[in-house]
Amino acid sequence: MNHSTQKSIRNLSIAILILGGVALVYTYVQMFSQLFLDTFITPMVWNPEIRGWQIFILAGRFIGATLLYVLCCIFLSRTKRGLGNGEIFPKLNIALIRWTALVAAFLAFVRGNYAAAVRGESVLTADYDVFLLPLVILLFAGLYKMAHLAAEDSQLAI
């Protein structure tokens, strides 16, 4: 792989990490503000009947967003290391992409129910993205696996 392609992948990876970090910090600040500041636009309304559900949704958003960012960092790190070793599609990333599909489905479910949990409403929703997003990510995992196998075959042919 030529140097300009590796450089563009490195620059794109840095941009992804920066934008993902900004989005993660925004999520943390928003959640902290809703929980602890009464002057926030939509402060947290605790409903004693569904307090456990509200805590689950809040914790799920915090953990899901963090885990998604960590998985992205691991993916980019493995890709960079693989490019340095001459491996375009590292095999370990296949399982990582599949785990990302699971985390994305969970996070989509939590985000769909987050507004109702903040308002203290007893509503359970599952939007289409809870099902569609993981399927698309799993499709990319399959394509990535095929690309890995094709790259492996081309290495054997040489």
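Summary of the structure given here. Residue indices follow the written sequence of each chain, beginning from 1 at its first position. Thresholds applied to this predicted model are a pLDDT of at least 70 for local features of residues and 80 or more for the giving and counting of side-chain atom pairs; totals over whole chains, interfaces and linings are not thresholded and use all residues. By convention in this description, side-chain values take in all heavy atoms of the structure and omit both hydrogens and water.

Helix and strand assignments follow DSSP, with helices taken as H or I runs no shorter than four residues and strands as E runs no shorter than two, numbered in order from the N terminus. Tallying secondary structure elements over the chain gives 4 helices and 0 strands in all. Secondary structure of the chain in N-to-C order comes out as α-α-α-α. In terms of overall size, the chain is more extended than a compact globule, its C-alpha atoms giving a radius of gyration of 20 Å where 158 residues would be expected to give roughly 15 Å. Dimensions of the chain, computed from C-alpha atoms along their principal axes, come out at roughly 65 × 25 × 20 Å. Each residue's exposure class comes from its accessible area (1.4 Å probe, protein chains only) as a fraction of the maximum for that residue type: buried when under 20%, exposed when over 50%, partly exposed otherwise. Within the chain, the proportion of its 158 residues that are buried is 30%. When we talk radius of gyration, it's over C-alpha atoms, and the globule rule is simply 2.2 Å times the number of residues to the 0.38.

For the rest of this paragraph, the subject is the environment of Gly21. As for its placement among the helices and strands, Gly21 is situated in helix H1 (residues 3–36). In this structure the C-alpha to C-alpha distance between Gly21 and Ser122, which are 101 residues apart in sequence, comes to 32 Å.

Quick look at the pattern of salt bridges now. Salt bridges, as used here, are contacts in which a Lys or Arg side-chain nitrogen is within 4 Å of a carboxyl oxygen on Asp or Glu. This model, assessed by the stated rule, comprises 1 salt bridge. Salt-bridge contacts for Glu121 lead to Arg119; the nearest nitrogen and oxygen are separated by 3.1 Å. Given a relative accessible area of 32%, Glu121 falls into the partly exposed group. The partly exposed category is assigned to Arg119, whose relative accessible area is 42%.

With that out of the way, let us pick up the packing of aromatic side chains. Any pair of Phe, Tyr and Trp rings, taking the six-membered ring for Trp, is counted once the centres come within 6.5 Å. Such a pair is stacked with planes under 30 degrees apart, edge-to-face with planes over 60 apart, and tilted for the rest. Inspection of every chain in the model, using the stated rule, returns 7 aromatic pairs. Plain terms: the ring middles of Phe32 and Phe36 are 5.0 Å apart, the flat faces sit at 50° to each other, and that makes the pair tilted. Residue Phe32 and its partner Phe36 are located together in helix H1, separated by 4 residues, close to a single helical turn. By relative accessible area, which is 48% here, Phe32 ends up partly exposed. Put simply, a charge is over a ring when the Lys NZ or the Arg CZ is close to the ring centre, within 6 Å, and near the line of the ring normal, within 35 degrees. Here the guanidinium or amino end of Arg61 rests over the ring plane of Tyr114, the centre of that ring lying 4.2 Å away.

All right, on to H1 then. A rise of 1.5 Å per residue sets the reference length of H1, with its 34 residues, at 50 Å; its end C-alpha atoms lie 49 Å apart and thus fit the reference within 8%. Turning to H1, its buried residues number three or more, namely Ser13, Gly21, Leu24, Thr27, Gln30, Met31, Ser33 and Gln34. In this analysis, two residues are considered to be in contact whenever any of their non-hydrogen atoms come within 4.5 Å of each other. Residues of H1 that are buried make contact with helix H2 (51–84) and helix H3 (92–119). In a helix, the anticipated span is given by 1.5 Å times the number of residues less one.

Let us look at the packing of H2 against H3. The axes of two packed helices give the description: the angle between them and the distance between them. Orientation of H2 relative to H3, taken along the N-to-C sense of each, is 150°, at an axis distance of 8 Å. It follows that H2 is roughly antiparallel to H3 by the angle criterion. Remark: the crossing between H2 and H3 carries left-handed chirality. A class-by-class count of the residues in the contact of H2 with H3 yields 21 nonpolar, 7 polar and 2 charged. Angles shown run from 0 to 180 degrees and are taken between the N-to-C directions of axes, each axis being a line fitted to C-alpha atoms and, for helices, limited to the stretch in contact. Here the angle decides the label: under 35 degrees means roughly parallel, over 145 means roughly antiparallel, 65 to 115 means roughly perpendicular, and every other value means oblique. Helix crossings get a hand from a simple test, with the near helix turned counterclockwise from the far one by less than a right angle marking a left-handed crossing and a clockwise turn marking a right-handed one. Charged residues are taken to be Asp, Glu, Lys and Arg, nonpolar residues to be Ala, Val, Leu, Ile, Met, Phe, Trp, Tyr, Cys and Pro, and polar residues to be all remaining types, Gly included.

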